[in-house]
Amino acid sequence: MHIITLGDLDQNGTLRCMITGAWYSALGLDEDDYNGLVHYPANCRYVLNINAPDYDNQYDALLKRLDYLTKVHSKVFGEGERNFGCSQL
């Protein structure tokens, strides 16, 4: 099982640092002037184990947890399709 973590915020090149930098860049803000706008909750890590007997349940729970990332007008409900991938024009 591979576990991918966000890494340390104080260390350049980590996923956490890149996500935080992207948010500040998108907002046009300097991170030093607006410290703390990006929050990572204590339970922000999700482990998906393909070898677990309840893998299908873990997968479904992960998709439900990530569902908030999709736009309401582009969500697919009940058709067995993904809401993630690429934006459609």
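Computed from a predicted model, the values in this text were never measured in an experiment.

(A) Quick look at the overall build of the protein. A tally of regular secondary structure across the protein gives two helices and zero strands. Counting every position in the protein, which comprises 89 residues, the buried fraction comes to 15%. By sequence separation, contacts in the protein at least 24 residues apart represent 13% of the contacts at least 6 residues apart. For the protein, the accessible area works out to roughly 7700 Å², and carbon and sulfur atoms hold 52% of it.

(B) Spotlight on a negative patch on the surface. On the surface, D30, E31, D32 and D33 cluster together to form a negatively charged patch. The topology assignment puts D32 in the loop between α1 (15–27) and α2 (55–66). Exposure remark for D32: the relative accessible area of 71% places this residue in the exposed category.

(C) Summary view of α1. Under the 1.5 Å per step criterion, the end-to-end length of α1 is 18 Å for 13 residues, consistent within 8% with the ideal 18 Å. Within α1, the full set of buried residues consists of R16, C17, T20 and Y24. One side of α1 holds all its buried residues, which, seen down the axis, span an arc of 95°. In this structure, α1 carries M18, S25 and A26 as exposed residues pointing more than 90 degrees from its buried face. Just downstream of α1, G28 is the residue with a positive phi angle, here 70°.

(D) Expanded view of a nonpolar patch on the surface. Taken together, W23, L27, Y34 and L37 make up a surface patch of nonpolar side chains, about 460 Å² in accessible area. Its location among the elements puts L27 in helix α1.

(E) Here's a closer look at the packing of aromatic side chains. Under the definition given, this model contains one aromatic pair. Between the NZ or CZ atom of R16 and the centre of the ring of Y40, over which it lies, the distance is 4.6 Å.

(F) The arrangement of the environment of Q58 in detail. By secondary structure assignment, the location of Q58 is in helix α2. When its relative accessible area of 16% is taken as the criterion, Q58 is described as buried. For the pair Q58 and V47, spaced 11 residues apart in sequence, the C-alpha separation works out to 8.4 Å. Once residues within four sequence positions are removed from consideration, Q58 is found in contact with Y46, V47, L48, N49 and A52.

Conventions used here
Residues numbered from 1 in each chain as written. Predicted model: local features only at pLDDT ≥ 70, side-chain atom pairs only at ≥ 80, totals over all residues. Heavy atoms only, no water. Helix = DSSP H or I, 4+ residues; strand = E, 2+ residues; numbered from the N terminus. Buried < 20%, exposed > 50% of the residue type's maximum accessible area, 1.4 Å probe, protein only. Contact = heavy atoms within 4.5 Å. Areas by Shrake-Rupley, 256 points an atom, 1.4 Å probe, with all protein chains shown as cover. Patch = residues over 30% accessible without salt bridge, like charges linked within 9 Å, V, L, I, M, F, W, Y side chains within 5 Å. Salt bridge = Lys/Arg side-chain N within 4 Å of Asp/Glu carboxyl O. Lys, Arg positive; Asp, Glu negative; His and termini not counted. Charge placed at Lys NZ, Arg CZ, Asp CG, Glu CD. Expected span 1.5 Å × (residues − 1). Arc of directions from axis to C-beta. Phe/Tyr/Trp six-rings, centres within 6.5 Å; stacked < 30°, edge-to-face > 60°. Lys NZ or Arg CZ within 6 Å of the ring centre and 35° of its normal.

So yeah, pure geometry; function would need other evidence.
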